[in-house]
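# Understanding the architecture of this molecule
What follows is each chain in one-letter form.
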Amino acid sequence: MSEKKRVGVQNYRFIELEPTPTTAWGKFKRVLKRSVKLELFVGLKVTFREMFKALFMGEMHTVKYPLEKLPISPRYRAIHEMKRLLESGHYRCIGCGLCEKICISDCIRMDTRYDENQRKEVVEYTINFGRCIFCGYCAEVCPELAITHGGRYETASEQRASFSLFEDMLTPIDKLKEQKEYPGFGAISPNADENIKKTPLAY
Amino acid sequence: MSKEITITIDGIECKAKEGEYILNIARANGIFIPAICYLTRCSPTLACRLCLVEADGKRVYACNAKAKDGMNIVTQTEEILEERRAIMEVYDVNHPLQCGVCDQHGECELQNYTLEMEVDEQHYAIADTKRETKNWSSVLHYDAGLCIVCERCVTVCKDMIGDSALKTGPRGGDKLDKSYKETMPKDAYAMWNKLQKSIIVPSNGTEYTNCSDCGECTAVCPVGALTERDFIYKANPWELREVPSACAHCSSACHLYYETRFTSIDDPSEKIFRIKNEFHYQSLCGAGRFGYDYENRNVKKDPNALKRAVEAIKKAKTIRFNSMITNEEALMLQTLKEKFGIKLVNKEVKPFQNFLKVYGKAKGQMLYSNSFKDMSSSDFIVSVGAKLRNDNPAARYLFNNIQKINKGAGFYFHPVGDTLVPTFGKSVSVFNHKVGDEEYVMLLLLDLFADKEKLPSEIKEKLASFKEKRVKKVKEKVMKEVVEKVVDKESGEEKEVKKKVPSFEEKEVEYEANLLVEKLGGDVENFNEEFEKALKKKEDFALIVGEDFYFHPKAANLAKLVALFEETTDFKVAFIPPKSNALGVALICDLDENEEGFVVGYNEPGDFKISALGDGDFDIPAMNQQEGTTTNMNKRVVPLNAALDYEGYELNDIMNELGLGKNLTIDWTEALPVEKGYQVAKFDDLPNYFANDMSEHRGYVLANMPVDKEEVIIEEFSESKLEGQIAYRCNPQRQFNDFTDKAHQIFEPFALYVSPEKAKELGEFVKVEFENGEGLELPVEVDERLSGDIVEVPDFKAEMDVYSLFGKNRYAQVKITKV
Ligand code: SF4
Ligand code: SF4
Ligand code: SF4
Ligand code: SF4
Ligand code: SF4
Ligand code: FES
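All values reported here derive from a predicted model rather than from experimental measurement.

## Some thoughts on the overall build of chain B
For chain B, the helix and strand inventory stands at 23 helices and 39 strands. Its C-alpha radius of gyration of 29 Å places chain B within 12% of the 28 Å reference for a compact globule of 819 residues. Viewed in the frame of its principal axes, chain B has a C-alpha envelope of about 105 × 75 × 60 Å. Taken across its 819 residues, chain B has 59% of its residues classed as buried. Put simply, of all contacts in chain B between residues at least 6 apart along the chain, 73% involve residues at least 24 apart.

Right, dumping it as structure tokens:
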């Protein structure tokens with residue numbers, strides 16, 4: 001590489017600045033000059049304008065937390081949600097234990113049993129949020145799209161257990177209509193159909 | 001024996017024995033050949049065909065092709081890989097997509113091989129058939145939808161366990177599309193063709209297996225089709241922590257893994273969820289597989305109880321214990337005896353110890369010569385004095401396996417009728433002799449197998465007195481010439497044709513009758529021919545001696561007869577120690593006959609009870625909660641590991657209080673008596689695994705120490721004095737002790753076990769009165785596989801003190817009255 005190329009082709013320009021005063025008298029004169037010219041208020045003009053707008057014209061820029069909350073991206077990784085099947089309302093989790101297995105903080109546990117319909121029932125499911133690092137692996141691995149992260153980021157409470165049980169995370173049955181899917185962590189990739197090889201059927 | 005040969009597998013030279021299967025040679029040498037249906041120690045079924053390899057350019061199945069010297073084997077060719085991939089694709093056809101909930105997922109051979117063969121696409125299809133889920137017994141759950149019909153369950157049940165409770169049945173599936181025959185790899189097609197026709201069903205034609213409930217079929221099932229009912233959907237395999245140990249229930253001390261995990265979300269304490277075993281090398285019984293949760297729960301250190309226990313030991317005149325004890329604990333008890341002169345009473349072991357002593361003096365060695373493991377190559381096996389089905393599962397599996405795999409023959413001598421044993425093989429002869437005739441059993445064996453030259457003269461004379469010339473009628477086949485009229489179809493002419501037809505004529509022949517055979521309940525007329533047939537091509541003989549011989553009025557004489565038999569034949573001989581660690585106790589402890597004074601019970605009743613059952617005055621850990629060793633029937637000292645936590649005191653703590661203790665209980669392991677054949681080995685150095693070449697690396701084998709030999713003088717034989725109703729001390733199949741009884745999956749009650757025909761006579765509840773006037777009130781349970789009049793009284797509950805009722809005999813004369 002040539003010398004020239006490394007220098008580049010930008011046009012640098014030197015700004016003409018007053019020389020920095022070196023004597024005490026010179027310094028004093030500069031301070032005096034800057035204060036009397038009220039340069040400070042030139043800068044504060046913007047501030048005063050915005051203050052006026054916020055206070056009197058209803059153009060506030062900050063959020064009045066906790067009275068107000070910012071909308072949060074659907075891909076935010078906060079407290080988990082356990083989803084339900086849209087058609088039947090049954091919880092989606094099949095108790096396969098993959099999330100439990102993959103969890104790096106080893107904070108998921110579940111109790112399962114053989115139920116009366118010969119199915120695997122998830123009797124209880126819990127995440128220890130004292131240990132969870134919100135890495136999202138559990139959501140990624142879940143074959144049923146049953147566990148996802150939700151937007152619930154307020155995790156202060158008297159008892160951690162108050163939001164870490166199955167029923168706390170499960171979509172309330174009356175809110176089933178509001179349950180949302182989104183393309184993100186753990187969701188089916190948009191081109192899933194292209195990637196799948198069809199199994200022949202004999203019917 | 002077999003010749004040493006060398007074969008080459010994928011360029012690697014392997015030493016082997018002539019006639020070994022290629023698959024086993026490959027495994028022993030660490031070479032991988034995919035295989036699903038083959039089970040080591042069982043016969044190959046060729047159900048999966050995955051083990052296809054090329055031997056000298058020819059396609060063979062590694063699991064049933066025998067190696068020949070100089071063979072060159074290639075395990076992968078393009079064609080073979082194509083076959084294997086097609087086979088795995090076929091297995092995946094209509095296989096439910098339910099790995100997520102399946103109990104096998106994570107350790108499923110179908111999952112593993114599907115990945116191994118890189119199946120990412122399906123080329124085959126057929127309409128699915130509805131296949132129902134069934135509960136075959138109290139422990140077995142079969143999901144036909146998941147079954148790949150590898151027949152491993154069928155094979156193990158037939159070749160190892162001996163119940164033959166399973167078979168393949170019709171699936172009712174569609175026929176394969178004709179076009180597949182041309183387009184598919186041919187082994188995959190053949191495999192599919194068979195698969196599409198079958199599922200597994202109980203072989204007795206009912207919905208239930210009515211079997212021994214050993215659960216071995218669930219262990220061998222490569223997929224989630226056959227599972228233990230109790231374990232279904234409870235935990236995923238990868239969550240479970242594997243603790244290698246040994247089963248504590250019978251003297252086989254089979255290798256097993258406890259699989260533990262936290263109990264539930266609410267209860268973080270460790271719990272055993274199931275038992276797994278190395279089914280290629282050792283099979284478990286129902287007690288081992290399901291009798292695991294007998295731990296002493298929620299025990300904390302109680303210093304007051306410790307003080308009381310120390311006081312009790314100081315006061316004790318007798319310690320009464322049984323065989324559910326480690327070698328280390330037994331050594332501690334022996335130390336107490338040596339230091340304080342406390343008597344040690346063990347009713348299960350004492351007669352066995354006496355028997356070993358007499359046998360030892362006659363034979364010049366402390367222990368029986370062989371192990372049951374040595375016998376696995378035998379082709380003629382004789383069982384005396386053992387209720388094979390109940391006494392020891394490993395001995396029973398061996399007897400059965402020899403019939404099935406070594407094309408062997410067997411003699412089974414026992415007074416109690418059993419309908420299962422004769423089904424082990426065509427060449428099994430059963431002798432239901434009279435109670436007390438055991439000496440004559442040995443005499444017959446001497447007659448049949450001993451080198452007569454070596455026998456003492458009085459035995460020879462005795463033998464001669466049992467020979468008699470008799471005449472029997474035989475039917476003989478003769479060909480007779482007859483003339484028949486035949487009408488020729490074309491010409492309509494009648495012709496006379498001469499023909500030879502067989503006919504049977506009765507003839508009388510003289511033969512030498514062996515009256516011993518008659519005395520012992522055999523078929524004396526045909527015995528000579530049958531025996532000759534059974535002996536054909538047999539070269540490896542084995543004798544199993546069971547508990548009836550130790551608990552016998554003439555036990556000493558029997559011990560001498562066994563020693564004499566061993567001296568004069570080339571039989572391998574091994575004894576079944578009566579209960580769990582009976583051999584260890586017999587070697588380590590110097591036992592006394594009778595108890596006296598203040599009795600400390602160790603898992604037994606007593607004035608002060610030290611117990612691992614949670615019902616005593618002082619708690620000790622159960623066998624699944626402590627480290628230690630046990631001495632098994634193969635004369636091996638094998639390690640036990642702690643599967644569960646235990647926070648209380650142990651016997652060693654009492655010993656420490658008395659100034660006799662060691663730092664840890666396992667520090668006693670290296671102190672086990674060297675003069676009895678034990679080694680100075682640290683517990684932590686004891687290995688506990690099987691290697692791929694089937695060799696056993698568990699603990700160490702006891703040395704068979706020499707004993708001063710004494711001259712053998714066989715006493716006069718005696719006849720049994722028992723008359724009328726006879727009771728036999730014998731446990732139901734899955735019960736051995738209080739600990740199996742505590743386990744939640746073992747339900748066999750403490751009851752009178754009788755044959756179906758006897759049950760009709762007895763009703764539901766009876767009182768059994770013994771000669772000393774004492775009695776038991778027991779419900780009547782039918783054991784479908786018992787036959788005859790003798791009833792069985794179990795001894796698994798220590799508090800019932802059944803040993804005192806029977807004394808030093810396994811049989812007793814009783815009076816049974818309906819209640
Ligand atoms: S987010 Fe990560 S750490 Fe938290 S539960 Fe899921 S896998 Fe475990
Ligand atoms: S991975 Fe999904 S389906 Fe499986 S246990 Fe976890 S949440 Fe349930
Ligand atoms: S048997 Fe194996 S492949 Fe079949 S569902 Fe179970 S884990 Fe999956
Ligand atoms: S139940 Fe299991 S072991 Fe038996 S044939 Fe089916 S897959 Fe094989
Ligand atoms: S439980 Fe045992 S005896 Fe019963 S079918 Fe299975 S292997 Fe056979
Ligand atoms: S293992 Fe050889 S055919 Fe299945």
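## Concerning helix H10 (residues 327-340) of chain B
Residues and elements named next belong to chain B. The first and last C-alpha atoms of H10 sit 20 Å apart over 14 residues, in line with the 20 Å expected at 1.5 Å per residue. Of all the 14 residues making up H10, 11 are buried; the element is thus mostly covered by neighbouring parts of the structure. For H10, the set of buried residues is Asn327, Glu328, Glu329, Ala330, Leu331, Met332, Leu333, Gln334, Thr335, Leu336 and Lys337. Where H10 terminates, the next one or two residues include Gly341, which has phi positive at roughly 70°.

## Quick look at the sheet that holds strand S10 (residues 226-228) of chain B
Residues and elements named next belong to chain B. Taken together, 3 strands build an open sheet; the order of strands is S6-S7-S10 and the sheet is antiparallel. Looking at strand neighbours, the two that pair on one side only are strand S6 (133-135) and S10, the edges of this open sheet. Taken over all neighbouring pairs, the strand axes of this sheet differ in orientation by 20° on average, direction set aside. Relative to S10, strand S7 (residues 140-143) runs antiparallel, the two sharing 3 bridges. Bridge pairing links Leu140 to Glu228 in S10.

## Quick notes on the packing of helix H4 (residues 152-161) of chain B against helix H13 (residues 393-405) of chain B
Residue and element names in this part refer to chain B. It is the contact of H4 with H13, at a shortest axis distance of 6 Å, that shows an interaxial angle of 105°. The angle between H4 and H13 places the two elements in the roughly perpendicular class. Contacts between H4 and H13 involve Lys158, Asp159, Met160 and Ile161 from the former and Arg396, Tyr397, Asn400, Asn401, Lys404 and Ile405 from the latter. Looking at the contact of H4 with H13 residue by residue, the class counts come to 4 nonpolar, 2 polar and 4 charged.

## Some thoughts on the packing of helix H2 (residues 78-92) of chain B against helix H6 (residues 186-195) of chain B
Residue and element names in this part refer to chain B. It is at 8 Å that the axes of H2 and H6 come closest, and there the two elements cross at 25°. Judged by the inter-axis angle, H2 sits roughly parallel to H6. Remark: the crossing between H2 and H6 carries right-handed chirality. Of H6, the residues touching H2 (which contributes Glu83, Ala86, Ile87, Val90 and Tyr91) are Lys186, Asp187, Ala188, Met191, Trp192 and Leu195. In terms of residue class, the contact of H2 with H6 is made up of 8 nonpolar, no polar and 3 charged.

## Some thoughts on helix H14 (residues 438-449) of chain B
If you check H14 of chain B, its first and last C-alpha atoms are 17 Å apart, about what 12 residues at 1.5 Å a residue would give, namely 16 Å. For H14 of chain B, every residue scored as buried is listed here: Glu438, Glu439, Tyr440, Val441, Met442, Leu443, Leu444, Leu445, Leu446, Asp447, Leu448 and Phe449 of chain B.

## Observations regarding the domain arrangement of chain B
Residue and element names in this part refer to chain B. Each assigned domain of chain B is listed with its residue range as follows: domain 1 (77-220), domain 2 (240-349 + 579-686), domain 3 (353-575) and domain 4 (726-818). The C-alpha-based centres of domain 1 and domain 3 are spaced at 40 Å. Each partner contributes to the interface: domain 1 provides 9 residues, whereas domain 3 provides 9 residues. Across the domain 1 to domain 3 interface the summed buried area is about 700 Å²; carbon plus sulfur atoms make up 45%. The largest per-residue losses of area from domain 1 upon contact with domain 3 belong to Asp159, Met160 and Ile161, which jointly make up 57% of the total buried on that side. Remark: the boundary between domain 1 and domain 3 carries 1 salt bridge. Note that Asp163 and Arg396 form a salt bridge whose closest N and O atoms lie 2.2 Å from each other. For the pair domain 1 and domain 3, the interface holds 8 residue pairs in polar contact (both at pLDDT 80 or more). Looking at the side of domain 1 that touches domain 3, its residues break down into 3 nonpolar, 3 polar and 3 charged.

## Notes on the sheet that holds strand S26 (residues 618-619) of chain B
All names here are of chain B. Across the sheet, 5 strands lie side by side as S15-S14-S24-S25-S26; this open sheet has parallel pairing. Strands with a single pairing partner mark the edges of an open sheet, and in this sheet they are strand S15 (343-345) and S26. Here 3 bridges tie strand S24 (residues 599-602) to strand S25 (residues 608-611), and the two strands are oriented parallel to one another. By the bridge assignment, Gly601 is partnered in S25 with Lys609. Packed on one face of the sheet, helix H9 (residues 303-315) meets strand S14 (318-321), S24, S25 and S26 and runs near 120° to S25.

## Overview of the interface of chain B and chain A
Frequently, the measure chosen for interface size is the accessible area that the parts lose on association. At the junction of the two partners, chain B supplies 24 residues and chain A supplies 26 residues. There are 2 salt bridges connecting chain B and chain A. Across the pair Glu121 of chain B and Lys197 of chain A runs a salt bridge whose closest N-O atoms are separated by 3.8 Å. Where chain B meets chain A, there are 8 residue pairs in polar contact (both at pLDDT 80 or more).

## Overview of the site of ligand 2
If you check the shell around ligand 2, you find Met82, Cys93, Ile94, Gly95, Cys96, Gly97, Cys99, Met110, Cys142, Pro143, Glu144 and Ile147 of chain A and nothing else. Looking at side-chain class alone, the shell around ligand 2 contains 9 nonpolar, 2 polar and 1 charged residues.

## A short note on unusual backbone geometry
Residue Pro66 of chain A is bonded to the preceding Tyr65 of chain A through a cis peptide linkage, with omega at 5°. Note that Pro66 of chain A resides in the loop between helix H3 (39-56) and strand S1 (78-82). One non-glycine residue, Asp10 of chain B, lies in the positive phi region at around 50°. Mapped onto the elements, Asp10 of chain B comes out in the loop between strand S1 (4-9) and strand S2 (12-17). Taking the relative accessible area as the measure of exposure, Asp10 of chain B reaches 38% and is therefore partly exposed. Phi at Arg41 of chain B takes a positive value of approximately 80°, unusual for a residue other than glycine.

## Let's talk about the site of ligand 1
Close contacts around ligand 1 come from 14 residues, with Cys103, Ser105, Cys132, Cys135 and Cys138 of chain A the closest. In terms of residue class, the shell around ligand 1 is made up of 10 nonpolar, 4 polar and no charged.

## Let's talk about the pattern of salt bridges
In this structure the tally under the stated criterion is 73 salt bridges over all chains. With its nearest N and O atoms 2.9 Å apart, the salt bridge here joins Glu121 of chain A to Arg113 of chain A. A residue is classified by how much of its surface remains accessible, and Arg113 of chain A, at 31% relative accessible area, is partly exposed. Connected through shared salt-bridge partners, Asp391, Glu547, Asp548, Lys579, Arg729, Asp795 and Arg810 of chain B make up one network.

Calculation criteria
Residues numbered from 1 in each chain as written. Chains lettered and ligands numbered in written order. Predicted model: local features only at pLDDT ≥ 70, side-chain atom pairs only at ≥ 80, totals over all residues. Heavy atoms only, no water. Helix = DSSP H or I, 4+ residues; strand = E, 2+ residues; numbered from the N terminus. Rg over C-alpha atoms; globule rule 2.2 N^0.38 Å. Buried < 20%, exposed > 50% of the residue type's maximum accessible area, 1.4 Å probe, protein only. Contact = heavy atoms within 4.5 Å. Expected span 1.5 Å × (residues − 1). Pairing = 2+ DSSP bridges. Axes fitted to C-alpha atoms, helices over the stretch in contact; angles between N-to-C directions. Parallel < 35°, antiparallel > 145°, perpendicular 65-115°, else oblique. Nonpolar A, V, L, I, M, F, W, Y, C, P; charged D, E, K, R; others polar. Left-handed = near helix turned anticlockwise from the far one by under 90°. Domains from an automatic or database assignment. Buried area = accessible area lost by both parts, 1.4 Å probe. Salt bridge = Lys/Arg side-chain N within 4 Å of Asp/Glu carboxyl O. Polar contact = N/O pair within 3.5 Å; in protein donor to acceptor, adjacent residues only side chain to side chain. Near = heavy atom within 4 Å.

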